[in-house]
Amino acid sequence: MALSEILPTISQLSHQDKLRLIHFLLLAVAKEEGYSLEDTEESDSTKALLNQLVSTQGVVWSPQATPEAIQALSDLLVAAQGAANA
């Protein structure tokens, strides 16, 4: 089958199906060239770790959120406004 025959059909595919086609073609061409792009155990463990990180909530502490830091920043702002008005 010629490329010109399948291009109209490809253009009608959904976005997701086009991505699947790209993936399929990439794997097929790599295999023809003697490369293996299939998932390995290492990438499976990496995917598992990434999935775990996605589902984990993290708390980031910042010194700017302490009452003392807020007061210090407020004092600096008041002093800067006072200097600007003087």
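Since the structure is predicted, the reported quantities are computational estimates derived from the model, not experimental observations. (Residues numbered from 1 in each chain as written. Predicted model: local features only at pLDDT ≥ 70, side-chain atom pairs only at ≥ 80, totals over all residues. Heavy atoms only, no water.)

Draft legend 1. Spotlight on the overall build of the chain. When its secondary structure is counted, the chain shows 4 helices and 0 strands. The order of α-helices and β-strands along the chain, N terminus first, is α-α-α-α. Burial statistics for the chain: of 86 residues in total, 2% are counted as buried. Summing over all exposed atoms, the chain offers an accessible surface of approximately 7,900 Å²; the carbon and sulfur share of this is 62%. (Helix = DSSP H or I, 4+ residues; strand = E, 2+ residues; numbered from the N terminus. Buried < 20%, exposed > 50% of the residue type's maximum accessible area, 1.4 Å probe, protein only. Areas by Shrake-Rupley, 256 points an atom, 1.4 Å probe, with all protein chains shown as cover.)

Draft legend 2. Region of interest: the pattern of salt bridges. Tallied over the full model, the rule gives 1 salt bridge. For Arg20, the salt bridge goes to Asp17, with nearest N and O atoms at 2.9 Å. With a gap of 3 residues between them, Arg20 and Asp17 both fall in helix α2 (residues 15-32), about one helical turn apart. (Salt bridge = Lys/Arg side-chain N within 4 Å of Asp/Glu carboxyl O.)

Draft legend 3. Seen up close, α2. Under the 1.5 Å per step criterion, the end-to-end length of α2 is 26 Å for 18 residues, consistent within 8% with the ideal 26 Å. Of the residues flanking the end of α2, it is Gly34, one or two places downstream, whose phi is positive at about 90°. (Expected span 1.5 Å × (residues − 1).)

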